[in-house]
Amino acid sequence: MSIDLSVQGVFDKAMYLIDAQNESTGSTDNSDTTEYKVRTLGILNNLIDDVYPASDTFAISEDGKRPALDDLTSFSDEIKMDPYIVRSVLPCGLAAKLLSEENPTLADFFWQLYEQRLAKAREGVPASFESIEDGLPYGGIEYGEFARWW
């Protein structure tokens, strides 16, 4: 059993959510979805930055830098995140963004669903510890330093 983690897979799921597939064949590549297809890569390139930290493939490197995904450039590109993000979270976000102008009410519904599913994905991410002192450019705040405000 293979899982489609490609841009095309996310697009297909979004089209099924908004009921834009061909009624006879189920194809998502039709005249009604042409405009959606043109906008999809740009939208997904914005969404992947938001959802990547909730993916089980996200890991901060040894040098402390946040990893970044390459831009998606074609519908055959694989999205290198866990299946829940790709199959559940991203299609809702894509559907919401695609419908934002033509059906704001439905777009709001899909955005709410996107946020709920993203929150669920974030719950599954194991916590990690970081030094507060290392994270601040001035070495941290000493206890009581701001005890009095003038």
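### Some details on the overall build of the protein chain
Working step 1: Within the protein chain one finds five helices and zero strands.
Working step 2: Taken from N to C terminus, the helices and strands of the protein chain fall in the order α-α-α-α-α.
Working step 3: For the protein chain, restricting intrachain contacts to residue pairs at least 6 apart in sequence, the fraction spanning at least 24 positions comes to 67%.

### Brief notes about the side chain of Asn 30
Working step 1: Along the chain, Asn 30 turns up in the loop between helix H1 (7-17) and helix H2 (34-51).
Working step 2: Judged by relative accessible area, Asn 30 falls into the buried class, the value being 15%.
Working step 3: A polar contact of 3.4 Å, which involves the side chain of Asn 30, links it to the backbone oxygen of Ala 20.
Working step 4: A polar side-chain atom of Asn 30 sits 2.8 Å from the main-chain amide nitrogen of Asp 32.
Working step 5: Beyond its immediate stretch of four places on either side in the chain, Asn 30 contacts Ala 20, Gln 21 and Asn 22.

### Description of the pattern of salt bridges
Working step 1: According to the stated counting rule, one finds two salt bridges in the structure shown.
Working step 2: For the salt bridge of Arg 39 with Glu 35, the shortest nitrogen-to-oxygen distance reads 3.7 Å. Taken together, the residues span about one helical turn, with Arg 39 and Glu 35 both in helix H2 at a distance of four residues.
Working step 3: Using a relative accessible area of 27% as the deciding quantity, one classes Arg 39 as partly exposed.

### Focus on unusual backbone geometry
Working step 1: The phi angle at Asp 19 is positive, at roughly 60 degrees, despite the residue not being glycine.
Working step 2: Mapped onto the elements of the fold, Asp 19 is located in the loop between H1 and H2.

### Re a negative patch on the surface
Working step 1: On the surface, Asp 49, Asp 50, Asp 70 and Asp 71 cluster together into a negatively charged patch.
Working step 2: In this structure, Asp 49 sits in helix H2.

### Quick word on helix H4 (residues 104-123)
Working step 1: When the terminal C-alpha atoms of H4 are compared, their 28 Å separation across 20 residues agrees well with the 28 Å that a helix rising 1.5 Å per residue should span.
Working step 2: All of the buried residues along H4 are Ala 107, Phe 110, Leu 113, Tyr 114, Leu 118 and Ala 121. The buried side chains of H4 occupy one side of the element, clustering within an arc of 135 degrees when seen end-on. Exposed side of H4, more than 90 degrees from the buried face: Thr 105, Asp 108, Lys 120 and Glu 123 are the residues found there.

### A word on the confidence of the model for the protein chain
Working step 1: Averaged over every residue, the pLDDT of the protein chain is 83; the share at 70 or more is 81%.
Working step 2: Here helix H5 (residues 132-135) stands out as the least confident element of the protein chain, with mean pLDDT 53; helix H3 (residues 83-99) is the most confident, with 96.

### Considering the environment of Phe 58
Working step 1: Note that Phe 58 resides in the loop between H2 and H3.
Working step 2: On a C-alpha basis, the gap between Phe 58 and Asp 82 in space is 9.3 Å, while along the polypeptide they are 24 residues apart.

Cut-offs applied
Residues numbered from 1 in each chain as written. Predicted model: local features only at pLDDT ≥ 70, side-chain atom pairs only at ≥ 80, totals over all residues. Heavy atoms only, no water. Helix = DSSP H or I, 4+ residues; strand = E, 2+ residues; numbered from the N terminus. Contact = heavy atoms within 4.5 Å. Buried < 20%, exposed > 50% of the residue type's maximum accessible area, 1.4 Å probe, protein only. Polar contact = N/O pair within 3.5 Å; in protein donor to acceptor, adjacent residues only side chain to side chain. Salt bridge = Lys/Arg side-chain N within 4 Å of Asp/Glu carboxyl O. Patch = residues over 30% accessible without salt bridge, like charges linked within 9 Å, V, L, I, M, F, W, Y side chains within 5 Å. Areas by Shrake-Rupley, 256 points an atom, 1.4 Å probe, with all protein chains shown as cover. Lys, Arg positive; Asp, Glu negative; His and termini not counted. Charge placed at Lys NZ, Arg CZ, Asp CG, Glu CD. Expected span 1.5 Å × (residues − 1). Arc of directions from axis to C-beta. pLDDT = per-residue confidence, 0-100.

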